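# Examination of the molecular architecture
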Amino acid sequence: MTSGRTDEDQQAIRSASRERHIPEADFQAAARGEAPDIEPRGTTPASNQDTIVILDFGSQYSRLIARRIREQNVYCEILPHDTSWARLKGLHAKGFVLSGGPASVYQPEAPRCASEVFTGGVPVLAICYGMQLLADTMGGVVTASDHREYGPAKLHVCAEAAIFTDVPDSSRVWMSHGDRVETLPPGFYSIGATDNSPFAAVTNDRGAVGLQFHPEVMHTACGSTIVANFVHRVCGCGKSWTSDAFVEDTMASLRAQIGGEQVLCALSGGVDSAVVATLIARAVGDQLVCVFVDNGLLRRDEAKQLLQVFDRHIGARLVYVDATDRFLAHLRGIVDPEEKRRVIGEEFIRVFEVEARKLGDIKFLAQGTLYPDVIESTSHDTAHAAVKIKTHHNVGGLPKDLQFSLVEPLRYLFKDEVRRVGLALALPESMIWRQPFPGPGLAVRVIGEITQERLDVLRAADHIVVSEIKKAGLYRDIWQSFAVLTPLQSVGVMGDYRTYGYVVAIRAVSSEDAMTADWARIPHEVLAGISNRIVNEIAEVNRVVYDISSKPPATIEWE
């Protein structure tokens, strides 16, 4: 098989790439259609899935790209742009996606990726900054644009290409760029243009595609079709990333990881830990011991409800630990939210270590860590150049002297994927569709110092919020709905008396995976009902406010 490039094309690319330090041998191999030797695969789901690797250059949309790919039943991972080629080739990727980003490729410190991404014979979808990097690396010219494009634009398809199969000749796309490709690299040609971008979409005959627009956002009319075309038609990925396949593969990997050892599973009452417990129970049976720690930071009647559901549907050994006094003692006087999370994460582990000693020699601790937890905590698995938003107690809040090896079977899943796995495992829908609850519990919804009195006030308010949301039939439509006890007090009047009470905030958001969120448009009569009940049923509260902040700039939780 030949590359289809002319000798002039090859020479132009070779000349340009010497300046970019791309080895000559790589271009010779790429020209012959050969890829470098592949190292053994890693231990992520990429080990037995057709995999797309997303290289993150700092885009706010990188997580959305991942969601769009997984919607096509194709597995993908997000990795930092400067991930070594040794690690990348070990994933056996069927394709690479280069995200957008805020930098300009002609800046001295512009982020780049391993040169082999462009020369390894694997298809590449380069978006926005990624397209500019592709053009710059392969011998094109990128400059600052005289006409920046931010917002909607009309894309005109001007040539046939697999990426545009079933895409109309003219459609709406979403632009967000200040630079543009002025001259295409040798071997590339335009397949789509807008009024301001003659090279809005480009390709070559080796599976490299550059898009100046963002196919991953909902504002691009045919974005899902374009993503599907790339992963299925260009990369040749199958549709093997399914809940049933995940269950089968995960149970096998759990047996291999755990062997004959015992494993503790931290139960929280949420769908994440329930799915983890069920997977491990079915994989290794009575080697699993579940531990439910009541840290005094749970919602009303939560412990009782969890014990009932666990007994009916999971059936593994369960140890119940009431550690309320221990947690509240360690949290006394702490107001900094990061310190709260650190203390709670450490105390959880200390409690588990105590229980493990009672049970004998236990090597493993299982947790319901999800992919967004990993991303937001900026662990070594994700874009380490990103700014840490907050520590998740089961990712960044763990003590350095952890006595267990971690088992995290959901570490690469988004929340909606966890729910689908729960359905595949036949868990009850009341558990599967339970709204997310933060690992640190009510500690991050009591703003400021945590006391028993403030927790009691918040529990009562939160119970009213959730009850009224369910009564209105909105519970499944809202990602999270809860109350926040602020540190503020305000003057009020009840009857003929002056009051000075707490201010409670209602927080409700719509989201797909918690990476971004918008405040929920709850009907005014529902909000009025919530407010009326809170101020009438909770003597310590005289004012209720509704948070209308989106994420970003705010986070979903207040702390």
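See the structure shown above.
Residues numbered from 1 in each chain as written. Predicted model: local features only at pLDDT ≥ 70, side-chain atom pairs only at ≥ 80, totals over all residues. Heavy atoms only, no water.

With that out of the way, let us pick up the pattern of salt bridges. Side-chain pairs of opposite charge can arise where the charged atoms are in close proximity. Counting across every chain of the model gives 26 salt bridges. A single salt-bridge network, built from bridges that share partners, covers Glu339, Arg342, Glu346, Arg350 and Glu353. (Salt bridge = Lys/Arg side-chain N within 4 Å of Asp/Glu carboxyl O.)

Here we come to the packing of aromatic side chains. Under the counting rule described, the total for this entry stands at 10 aromatic pairs. On the numbers, 4.7 Å between centres and 55° between planes, the contact of Tyr75 with Trp241 is tilted. Highlighted residues: Tyr75 in strand S2 (residues 75-80) and Trp241 in the loop between helix H7 (223-234) and helix H8 (243-258), separated in sequence by 166 residues. Considered together, Tyr75 and Trp241 belong to a single accessibility category, that of buried residues. Ring centres of Phe292 and Tyr320 lie 5.8 Å apart, and the angle between their planes is 40°; this geometry places the pair in the tilted category. (Phe/Tyr/Trp six-rings, centres within 6.5 Å; stacked < 30°, edge-to-face > 60°. Helix = DSSP H or I, 4+ residues; strand = E, 2+ residues; numbered from the N terminus. Buried < 20%, exposed > 50% of the residue type's maximum accessible area, 1.4 Å probe, protein only.)

Here we come to the nonpolar core. If you look at the biggest cluster of nonpolar residues, it comprises 111 residues, and the most contacted ones within it are Ile69, Val117, Phe164 and Ile280. Per-element accounting of this core gives the leading share, 10 residues, to helix H9 (residues 271-284). In this structure, Ile69 is in contact with Ile52, Ile54, Val74, Cys76, Val97, Val227 and Val231, ignoring residues within four places of it in sequence. Judged by nonpolar contacts, the second largest core, of 54 residues, contains Leu455, Ala508, Ala520 and Val535. (Core = buried A, V, L, I, M, F, W, Y, C linked by side-chain atoms within 4.5 Å. Contact = heavy atoms within 4.5 Å.)

Moving on, we come to the side chain of Thr324. Tracing the chain through its elements places Thr324 in helix H11 (residues 324-331). Side-chain polar atoms of Thr324 contact the side chain of Asp322, separated by 2.8 Å. In contact with Thr324, other than residues within four places in its own chain, are Asp294, Asn295, Gly296 and Gln452. (Polar contact = N/O pair within 3.5 Å; in protein donor to acceptor, adjacent residues only side chain to side chain.)

If you check H9, its first and last C-alpha atoms are 20 Å apart, about what 14 residues at 1.5 Å a residue would give, namely 20 Å. Phi for Gly285, located one or two positions after H9, is positive at around 60°. (Expected span 1.5 Å × (residues − 1).)

This part covers unusual backbone geometry. For the peptide bond that leads from Lys551 to Pro552, omega is -15°, which places it in the cis range. Within the element layout of this structure, Pro552 appears in the segment after strand S18 (541-546). The linkage connecting Pro552 with the following residue, Pro553, adopts the cis geometry, with an omega of 15°. Mapped onto the elements of the fold, Pro553 is located in the segment after S18. The phi torsion at Asn73 lies on the positive side, around 60°, for a residue other than glycine. Secondary-structure assignment places Asn73 in the loop between helix H3 (62-70) and S2. If you check the backbone angles, His92 has positive phi at about 55° while not being a glycine. Within the secondary structure layout, His92 lies in the loop between helix H4 (85-90) and strand S3 (95-98). Since its relative accessible area comes to 28%, His92 is described here as partly exposed.

A word on helix H17 (residues 524-537). For H17, which comprises 14 residues, the first-to-last C-alpha distance of 20 Å matches the rise-based estimate of 20 Å (1.5 Å per residue) to within 8%. Those residues of H17 lying buried are Val526, Leu527, Ile530, Ile534 and Val535. Here the buried residues of H17 occupy an arc of 155° about the axis, which is enough to place them on one side. In H17, the exposed positions that point more than 90 degrees away from the buried face belong to His524, Glu525 and Asn536. Buried-residue contacts for H17 involve helix H16 (452-471), strand S15 (480-494), strand S16 (497-510) and S18. (Arc of directions from axis to C-beta.)

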